[in-house]
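# An overview of the molecular structure
Listed here are the chains, written in short residue letters.
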Amino acid sequence: MIVSGIALVTGASRGIGRAVALELAARGFEVVATMREPAAGADLPGRAAALGGRLRVAALDVDRPATIAIPDGIRVLVNNAGIECANLPVEAQPAEDWRRVFETNVFGLAEVTRRAVPALRAAGGGVVCNVTSSSLLAPVPFYAVYRASKAAVAALGESLRAELAPLGIRVLEVLPGPIDTDMLAGSARTPEACAFPEYRPAAEALHAARTALDDMVTAPAEAARRIVDAILDDDAPLRVACDPMGEAMLSGSDAAGAESRLAAFIAGLAGRPAR
Ligand SMILES: NC(=O)c1ccc[n+]([C@@H]2O[C@H](COP(=O)([O-])OP(=O)(O)OC[C@H]3O[C@@H](n4cnc5c(N)ncnc54)[C@H](OP(=O)(O)O)[C@@H]3O)[C@@H](O)[C@H]2O)c1
């Protein structure tokens, strides 16, 4: 796509969202960096200006629909805001964890997107970029809530991609591997599942595997460069990586074939006799 108009990023106070907001500004978008507490982004307009870009901060909590304001002229929506929860066995995970994570990662994202689509359409089309996780590509124990929420977003993105393509809106899913943020640092703790004797061996194996990731992390700025490259690339596939580990997992996975399955499905529909 040609750089023009507004790019809105959710969860831009820190981590991947902050880096993506700055990268979008550096590439020439007028960025609205949204976050729950705007004070956390007080330095962002100055940082963007130093890169030759324009950025303003706006309050937006994806859990609170009253705070969701989509600006006219939006061309890019980056659904980045996300949370995780205690890494427990499914049988021990409180229903409240499921509700809280789905509220932010799925329902909040869906509401922001639902409200953005008419504005994207009115602006002549653009890109919706959903940030999921490369953990979707491996059956990681004790991550069921988080992975299920990201799988829901992946399915939403597949349907949206087919739905919005005729309207000139391209849907993209970024599946990060380990990116050096607060969320990744938080996942270095001993998994809560270790407290359950029946699950301790699997939980300790998970902890060892997670610790090994410390040698494979990618800086948020580098991940952001790759995310914005994909946003600008009209030929980008539905699912893209933004770091070497995510790329290795994606290229070895069946998820990479989603595009051709989608094309086959649509071709099949088109070939069906009218009812
Ligand atoms: N880092 C990784 O290794 C990794 C790997 C795979 C996927 N991801 C995904 O990448 C995205 C960004 O993660 P990150 O690593 O940058 O995490 P992070 O450092 O924990 O930042 C999360 C961001 O989401 C925001 N957020 C949380 N709840 C929100 C809400 N209700 N409304 C608006 N914003 C909200 C946070 O805002 P506050 O500052 O107000 O809390 C923060 O800006 C997430 O979707 C995550 O699942 C990250």
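As a reminder, the structure under discussion sits directly above these lines.
To start, this report covers the structure provided alongside it. (Residues numbered from 1 in each chain as written. Predicted model: local features only at pLDDT ≥ 70, side-chain atom pairs only at ≥ 80, totals over all residues. Heavy atoms only, no water.)

### Quick notes on the overall build of the chain
The secondary structure content of the chain amounts to 9 helices and 7 strands. Taken over C-alpha atoms, the radius of gyration comes to 19 Å for the chain, in line with the 19 Å a tight globule of 275 residues would show. Its C-alpha atoms give the chain principal-axis dimensions of about 60 × 55 × 35 Å. Here the contacts in the chain between residues at least 6 apart in sequence split such that 72% fall between residues at least 24 apart. Entry remark: accessible area of the chain is about 12,500 Å², with carbon and sulfur atoms responsible for 57%. Taking the 27 positively charged and 32 negatively charged side chains of the chain as two groups, their mean positions are separated by 5 Å. (Helix = DSSP H or I, 4+ residues; strand = E, 2+ residues; numbered from the N terminus. Rg over C-alpha atoms; globule rule 2.2 N^0.38 Å. Contact = heavy atoms within 4.5 Å. Areas by Shrake-Rupley, 256 points an atom, 1.4 Å probe, with all protein chains shown as cover. Lys, Arg positive; Asp, Glu negative; His and termini not counted. Charge placed at Lys NZ, Arg CZ, Asp CG, Glu CD.)

### A short note on the environment of V228
Positionally, V228 belongs in helix α7 (residues 220-232). With relative accessibility at 0%, the residue V228 sits in the buried group. A C-alpha to C-alpha distance of 8.5 Å links V228 and R27, two positions 201 residues apart in sequence. Setting aside residues no more than four positions away along its own chain, V228 makes contact with V20, E23, L24 and R27. (Buried < 20%, exposed > 50% of the residue type's maximum accessible area, 1.4 Å probe, protein only.)

### Section: the side chain of T34
Relative to the assigned elements, T34 resides in strand β2 (residues 30-35). For T34, the contacting residues outside a window of four places in its chain are L8, V9, T10, G11, A12, S13, A58 and L60.

### Examining the side chain of R147
For R147, the position within the fold is in helix α4 (residues 144-164). Although R147 lies buried, it forms no salt bridge, and the closest oppositely charged side chain, E173, sits 11 Å away as judged by the N-O distance. Polar contacts involving the side chain of R147 include one to the main-chain carbonyl oxygen of A138, which spans 2.9 Å. Not counting the four nearest positions on each side in its chain, R147 is found in contact with S135, L136, A138, P139 and V140. (Salt bridge = Lys/Arg side-chain N within 4 Å of Asp/Glu carboxyl O. Polar contact = N/O pair within 3.5 Å; in protein donor to acceptor, adjacent residues only side chain to side chain.)

### A few points about the layout of surface pockets
To find the voids left in a structure, one rolls a probe of water-molecule size over its atoms. Considered as a void within the structure, the largest pocket measures approximately 1,200 Å³ in volume. What lines the largest pocket is a set of 46 residues, among which E84, Y146, T181, M183 and L184 lie closest to the centre. Of all the secondary-structure elements, those providing two or more residues to the lining of the largest pocket are α1 (15-26), β2, α4, α5 (182-186), α6 (200-212) and α8 (244-251). Among the residues making up the lining of the largest pocket, the classes are represented as 22 nonpolar, 15 polar and 9 charged. (1 Å grid on protein atoms, 1.4 Å probe; cavity = no way out; pocket = protein on both sides within 12 Å on 5 of 7 lines; lining within 4 Å. Points joined across faces, edges and corners; volume = space filled by probe spheres on them. Nonpolar A, V, L, I, M, F, W, Y, C, P; charged D, E, K, R; others polar.)

### Some details on the site of the ligand
Not every one of the 28 residues close to the ligand is listed here, only the nearest: S13, R14, R36, Y146 and T181. Within the backbone of N80, one N or O atom sits 2.8 Å away from an oxygen atom of the ligand. Within the contact set of the ligand, an oxygen atom lies 3.2 Å away from a backbone nitrogen or oxygen of G177. Structurally, the ligand is housed in the largest pocket. Within the residue set of the shell around the ligand, elements represented by two or more residues are α1, α4 and α5. Among the residues forming the shell around the ligand, the class breakdown is 12 nonpolar, 10 polar and 6 charged. (Near = heavy atom within 4 Å. Sits in = over half its atoms within 2 Å of the grid points.)

### Description of α4
A rise of 1.5 Å per residue sets the reference length of α4, with its 21 residues, at 30 Å; its end C-alpha atoms lie 29 Å apart and thus fit the reference within 8%. What α4 keeps buried is the set V145, Y146, R147, S149, K150, V153, A154, G157, L160, R161 and L164. (Expected span 1.5 Å × (residues − 1).)

### What about the sheet that holds strand β6 (residues 169-174)?
Reading across the sheet, the 7 strands line up as β3-β2-β1-β4-β5-β6-β7 and stay open at both edges, with parallel pairing between neighbours. The sheet is open, and its two edges are formed by β3 (54-59) and β7 (239-240), each paired on a single side. Across 6 bridges, the pairing between β2 and β3 is parallel. Of the residues in β3, the one forming a bridge with V32 is R56. Packed on one face of the sheet, α7 meets β4 (74-79), β5 (126-131), β6 and β7 and runs near 155 degrees to β6. (Pairing = 2+ DSSP bridges. Axes fitted to C-alpha atoms, helices over the stretch in contact; angles between N-to-C directions.)

### Things to note about the nonpolar core
Residues V20, L24, V78 and I231 are the most contacted members of the largest nonpolar core, which totals 35 residues. If you list the elements that add at least two residues to this core, you get β1 (6-9), α1, β2, α2 (44-50), β4, β5, β6 and α7. Top contributing element to this core by residue count: α1, with 7 residues. Beyond its immediate sequence surroundings of up to four residues, I231 is in contact with M1, L24, V76, V78, V127, C129, R170 and L172. Membership of the second largest hydrophobic core comes to 21 residues, among which are L77, A119, L120 and L164. (Core = buried A, V, L, I, M, F, W, Y, C linked by side-chain atoms within 4.5 Å.)

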